Amino acid sequence: MLLQSVRPNIVQSIRAFRPEDLQQAANAVGHHFLYTNLSGAQGKQDVLDIIARDFLFPDHFGKNLDALYDCITDMVHKSGPQPGFVVVLELIPGGNVDRETREQLLDAFRDAADYWGERKIPFRVFYSIAVSGKESAGNWDKAEVAQNDPNVKPAKVSKNTPAPMVMNLPPMSSVFDTSALLVAA
């Protein structure tokens, strides 16, 4: 089985895994599957907005890294027992989100993996980073991308990276449904 080869609480590059295979593996073991494609984000706020939209966060989500952490830890934990999570953060912006911001985002997910690990609940996060034409994998934090510059090429994606896809996430809707939390309270 695919997930047996991956530690239960980890944040790692997606590498050879395909989102479709991760979704099937999550479904096979009854884990929640969260997917987002961040290729359209132009900055940190866009990244948080897209995650909030795709993960069906409540309207009161504060759209900062602390609120992100709270939504994927305490809020979900308080809603009842959880079977486990497989999260895919596809194409985190490389040129228009600086390296420090990307690391802070991944740190929020690493902290969440630790949180769930303490509760013996698997929380696996797989991510990929979009690399634009002006940068390379070793130089992404130094790239300057002007939003309206016609000379800036759009982000290039490895030929091995799956095309953006629309994922069906019905199992997640109940996890972040605040009305269910209010009824249970």
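Residues numbered from 1 in each chain as written. Predicted model: local features only at pLDDT ≥ 70, side-chain atom pairs only at ≥ 80, totals over all residues. Heavy atoms only, no water.

Peer 1: So, helix 2 (residues 44–54): which residues are in play, and what are the values?
Peer 2: Within helix 2, burial applies to Val47, Leu48, Ile50, Ile51, Ala52 and Asp54. Each element contacted by the buried residues of helix 2 is listed here: strand 2 (32–37), helix 3 (65–72), strand 3 (85–92) and helix 5 (99–118). Remark: Leu56 follows helix 2 within two positions and exhibits a positive phi of approximately 60°. (Buried < 20%, exposed > 50% of the residue type's maximum accessible area, 1.4 Å probe, protein only. Helix = DSSP H or I, 4+ residues; strand = E, 2+ residues; numbered from the N terminus. Contact = heavy atoms within 4.5 Å.)

Peer 1: Report on the pattern of salt bridges, specifying residues and quantitative values.
Peer 2: Opposite charge on two side chains makes pairing possible when the charged atoms of those side chains draw close. Taken as a whole, this structure holds seven salt bridges when the rule is applied. Between Arg18 and Glu20 there is a salt bridge, and its shortest N-O distance comes to 3.6 Å. Assessed through its relative accessible area of 42%, Arg18 is described here as partly exposed. Between Asp54 and Arg53 there is a salt bridge, and its shortest N-O distance comes to 2.8 Å. When its relative accessible area of 18% is taken as the criterion, Asp54 is described as buried. Residue classification places Arg53 among the exposed residues on the basis of a relative accessible area of 55%. It is possible to trace a salt-bridge network through shared partners that takes in Arg18, Glu20 and Asp21. (Salt bridge = Lys/Arg side-chain N within 4 Å of Asp/Glu carboxyl O.)

Peer 1: If you had to explain the packing of helix 3 against helix 5 to someone new, which residues and values would you point to?
Peer 2: Running from amino to carboxyl end, helix 3 crosses helix 5 at an angle of 30°, the nearest separation of the two axes being 10 Å. Between helix 3 and helix 5, the angle falls in the class roughly parallel. Between helix 3 and helix 5 lies a crossing whose hand is right-handed. On helix 5, the residues touching Leu65, Leu68, Tyr69 and Ile72 of helix 3 are Gln104, Leu105, Ala108, Phe109, Asp111, Ala112, Tyr115 and Trp116. Of the residues that constitute the contact of helix 3 with helix 5, the class distribution is 10 nonpolar, one polar and one charged. (Axes fitted to C-alpha atoms, helices over the stretch in contact; angles between N-to-C directions. Parallel < 35°, antiparallel > 145°, perpendicular 65-115°, else oblique. Left-handed = near helix turned anticlockwise from the far one by under 90°. Nonpolar A, V, L, I, M, F, W, Y, C, P; charged D, E, K, R; others polar.)

Peer 1: Which residues make up the packing of aromatic side chains, and what values do they have?
Peer 2: Under the criterion given, the structure shown has seven aromatic pairs. A centroid spacing of 5.2 Å and a plane angle of 65° characterise the contact between Phe17 and Phe126, whose relative ring orientation is edge-to-face. Note that Phe17 is positioned in the loop between strand 1 (9–13) and helix 1 (19–29) and Phe126 in strand 4 (residues 123–129), a separation of 109 residues in sequence. Exposure class is identical for Phe17 and Phe126. Each is buried. Seen in terms of ring centroids, Phe55 and Phe57 are 6.0 Å apart; in terms of plane orientation they differ by 75°. Their pairing is edge-to-face. Residue classification places Phe57 among the buried residues on the basis of a relative accessible area of 8%. Taking the ring centre of Tyr115 as reference, the NZ or CZ of Arg119 above it sits at 3.6 Å. (Phe/Tyr/Trp six-rings, centres within 6.5 Å; stacked < 30°, edge-to-face > 60°. Lys NZ or Arg CZ within 6 Å of the ring centre and 35° of its normal.)

Peer 1: Would you mind going over the sheet that holds strand 1 in detail, with residue names and values included?
Peer 2: The four strands are arranged 1-4-3-2 in an open sheet whose pairing can be described as parallel. Every other strand in the sheet has two partners, leaving strand 1 and strand 2 as the edge strands with one partner each. Pairwise comparison of adjacent strand axes, ignoring direction, gives a mean angle of 10° for this sheet. Bridge count for strand 3 against strand 4 is six bridges, and the pairing is parallel. Each bridged residue has a counterpart across the sheet, and for Ile92 the counterpart in strand 4 is Ile129. Of the strands in this sheet, strand 2, strand 3 and strand 4 are in contact with helix 1, which crosses strand 2 at around 160°. (Pairing = 2+ DSSP bridges.)

Keep in mind these values describe shape, not function.
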